[in-house]
Structure formats: structure tokens, C-alpha cells
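Geometric and topological summary
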Amino acid sequence: MTAARTAGTQTESAAIAATDLSGYRGKFVVIKIGGSDEAASASIFEDIVRLRTEGVKVVVVHGGGKALSHWLKLAGHQTRFVDGLRVTDAETLEVAVMVFAGKVNKEIVSRFASLGLRAVGISGADGGLVLVEPETHPPGLGLVGRIVAVKTLLLDRLVESEMVPVVAPIAADRNGQMYNVNADTVASEIAAALGAASLVFVTDVRGVLDASGEPIDKVTPRIARQLRHEGTISGGMIPKVEAALAPLGDVGETHVVDGSMPHVLIDQLGGPSRPGTRFALR
């Protein structure tokens, strides 16, 4: 590493260390990340450790769609999406439970452990955290769940014990039937139930992009409707934008940020720059 690059890295590290996060101390911040491999290129885990050391109550919700697609392909099972949601039959659900609540969840917990952070891996089915019923809009999704209630007792108890809950997007209905649930929606509903100060979606893009591919600083419900009508928002970005807008009456702020940017969480929450897209009612 050259001297100039070393100096730049040291300056960046010093700026991150000096970032004031006191406004979030004692408050909930919900962070949605992808699977462990999808977040591997970023310093997201280090940022979450920093938030905890500052007294922020962190809840992590994860996805892992790439990992699920990989294991479904190995099983010779085709994947189909409708409006960004994975059509889930019984075989897909079985693999999803193993990948999300098993492999991906424990990999994330283990990465936190390597950084000295105590994390506990759970799913929406644990402790009655997330109650769902079949999602019927759009139709034909199969065993995809629509969230009808979130009970935060388990999260409260874990955070009180200075643990970081790591939540997999699997939940159950009143009859004990498990469902695959969109992770962005899980994060959104949990953030609303907790009255979180902030909800941050860590993605592989710079934010919500306009027609020319440039990130949009702020998105309101009206702007979101226009972008979707124009086709600028499509595929997997549809549920993400909906999940970012949905809790705004209960959550202080929501953001979509690019996880490949160094220390993007700290920058977004406390830095002078706001590198992603912020969501607001107006």
C-alpha cells in the first residue's frame, strides 16, 4: 500500500471514529442486510459493532436470496418471481428454511462473534415474533407470508441482555404453518413495531435510481408511484421501496444505501454526507 493510500485510509478511519452517533444512543436501529456472502465486501459488520459500542439498540434482519437460488438450482428446482417476490412451493420453502434460518443466519452470527459482538440468530417463527397469513396479492405466490402482527417481546429481552438479534425471514401462521417472507417487509414491520429511530436497507446499488441510473436523494410516496408507473422501479426494488415507505408514520427515518461503500452505515446515520436514498412522507 502506498503512503498516500495509507494516509487516506487513516484519515477515513479517523473521520469514521469521530462521527457523532449520540442521537441514536438508547434507540432502536433496524438494519436489513443480504446474506453473509452478499455483505462480505462491505464493512457493514464493523459498523454494526460500532453502533453497539455507542449504546444503539441494533436489530439485524437478513435475506439471502442469492444463496437460496444457488441451493435451489443444485436441487434442480426452478425459481420464479412475481413483482419481486419468490414463488414458494413446499420444496422451495423447505430449502428456504434450511438456507435462511440455518446456513445464512448462523454465518452472520459467526461473523459478529469474530468481531467480539454477541449476536443471537432467530427467525420470525421464534417466540411468536412475526405472525403471518398467506399472501394473496399478487396471487399465485404459494407459501409466501403476509405479516399480520409483530410481537417484540423476544427482541426486547435479547437487546436488554446486550445481544444483537439476527432475524431470518421465516415466519409461521396461527396453525404453525411456516412461510417464506420478504426480508425487506420483515425489517419494515419490525422497525415499525419497535418505533425505531432509523431503518436502513443495505443493498448492492447506490440507492433508488432514476431513469439515467443516478441515485435519487429523496423518495416520497408520490415519487415512488411515478417511478413505478414509468418502470424505473421494477423487480426486487418494488418490495424494497414499499417496505421503506410503509413504516414512516412510526419510524424516524428510512434509507437505502450501497453496502459496498466503506462504512456506509456510519456515514448514513451520523456523517455529514448522506450517500443513499432517504424516504419521507413529503
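The paragraphs below set out a description of the structure included in this document. (Residues numbered from 1 in each chain as written. Predicted model: local features only at pLDDT ≥ 70, side-chain atom pairs only at ≥ 80, totals over all residues. Heavy atoms only, no water.)

1. Some points on the overall build of the protein
Check the secondary structure of the protein and you find nine helices and 14 strands. Scaling as 2.2 N^0.38, a compact globule of 282 residues should have a C-alpha radius of gyration of about 19 Å, and the protein matches this with 18 Å. By principal-axis analysis of the C-alpha atoms, the protein measures approximately 55 × 45 × 40 Å. Sequence-distant contacts in the protein: of pairs separated by 6 or more residues, those separated by 24 or more amount to 74%. Taken as a whole, the protein presents about 12,900 Å² of accessible surface, with 52% of it coming from carbon and sulfur. (Helix = DSSP H or I, 4+ residues; strand = E, 2+ residues; numbered from the N terminus. Rg over C-alpha atoms; globule rule 2.2 N^0.38 Å. Contact = heavy atoms within 4.5 Å. Areas by Shrake-Rupley, 256 points an atom, 1.4 Å probe, with all protein chains shown as cover.)

2. A few points about the nonpolar core
Core analysis: the biggest nonpolar cluster contains 41 residues, and Val30, Val59, Val167, Ile190, Val208 and Phe279 have the highest contact counts within it. It is helix H8 (residues 237-245) that contributes the most residues to this core, six residues altogether. Formed by 37 residues, the second largest nonpolar core is a distinct cluster that contains Val99, Val257, Val264 and Leu265. (Core = buried A, V, L, I, M, F, W, Y, C linked by side-chain atoms within 4.5 Å. Buried < 20%, exposed > 50% of the residue type's maximum accessible area, 1.4 Å probe, protein only.)

3. Considerations on the environment of alanine 101
Along the chain, alanine 101 falls in helix H4 (residues 90-114). Residue alanine 101 is classed as partly exposed on the basis of its relative accessible area, which comes to 26%. In this structure, the C-alpha to C-alpha distance between alanine 101 and alanine 168, residues 67 residues apart in sequence, is 5.4 Å.

4. Focus on the packing of aromatic side chains
Scanning the entire structure with this criterion turns up one aromatic pair. Judged by centre distance (5.0 Å) and plane angle (65°), the rings of phenylalanine 45 and phenylalanine 112 are edge-to-face. One end of the pair, phenylalanine 45, is in helix H2 (residues 44-53); the other, phenylalanine 112, is in helix H4, with 67 residues separating them in the sequence. Comparing phenylalanine 45 with phenylalanine 112, the two get one shared label, buried. (Phe/Tyr/Trp six-rings, centres within 6.5 Å; stacked < 30°, edge-to-face > 60°.)

5. A look at the packing of helix H7 (residues 221-230) against H8
Two numbers describe how H7 lies on H8: the axes approach to 11 Å, and their chain directions differ by 170°. Comparing the axis directions of H7 and H8 gives the class roughly antiparallel. Side by side, H7 and H8 meet where Pro221, Ala224 and Arg228 of the first sit next to Ile238, Val241, Glu242 and Leu245 of the second. Within the contact of H7 with H8, the residues separate by chemical class into five nonpolar, no polar and two charged. (Axes fitted to C-alpha atoms, helices over the stretch in contact; angles between N-to-C directions. Parallel < 35°, antiparallel > 145°, perpendicular 65-115°, else oblique. Nonpolar A, V, L, I, M, F, W, Y, C, P; charged D, E, K, R; others polar.)

6. Considering the environment of proline 165
One can find proline 165 in strand E8 (residues 164-168). By relative accessible area, proline 165 is classed as buried at 0%. Counting along the chain gives 39 residues from proline 165 to aspartate 204, while the straight-line C-alpha distance between them is 23 Å. Each residue touching proline 165, except ones within four places of it in the same chain, is listed here: Val58, Val59, Val60, Val120, Leu155, Leu158 and Val159.

7. Description of the pattern of salt bridges
A complete count under the given rule lists 10 salt bridges for this structure. Between aspartate 204 and lysine 66 there is a salt bridge, with its nearest N and O atoms 4.0 Å apart. Linking aspartate 204 in the loop between strand E11 (198-203) and strand E12 (218-219) with lysine 66 in helix H3 (residues 65-74), this pair joins segments that are 138 residues apart in sequence. Like aspartate 204, the residue lysine 66 is exposed in the burial classification. Residues participating in the shared-partner salt-bridge network are Arg25, Arg50 and Glu54. (Salt bridge = Lys/Arg side-chain N within 4 Å of Asp/Glu carboxyl O.)

8. Examining the layout of surface pockets
The volume enclosed by the second largest pocket comes to roughly 350 Å³. Lining the second largest pocket are 20 residues, and of these Leu85, Glu135, Thr185, Pro239 and Glu242 sit closest to its centre. Going through the elements one at a time, strand E7 (145-150), helix H6 (183-194) and H8 are the ones with two or more residues in the lining of the second largest pocket. For the lining of the second largest pocket, the element with the highest residue contribution is H8, accounting for four residues. Across the lining of the second largest pocket, the residue classes break down as nine nonpolar, five polar and six charged. (1 Å grid on protein atoms, 1.4 Å probe; cavity = no way out; pocket = protein on both sides within 12 Å on 5 of 7 lines; lining within 4 Å. Points joined across faces, edges and corners; volume = space filled by probe spheres on them.)

By themselves, these figures tell us nothing about what the structure is for.
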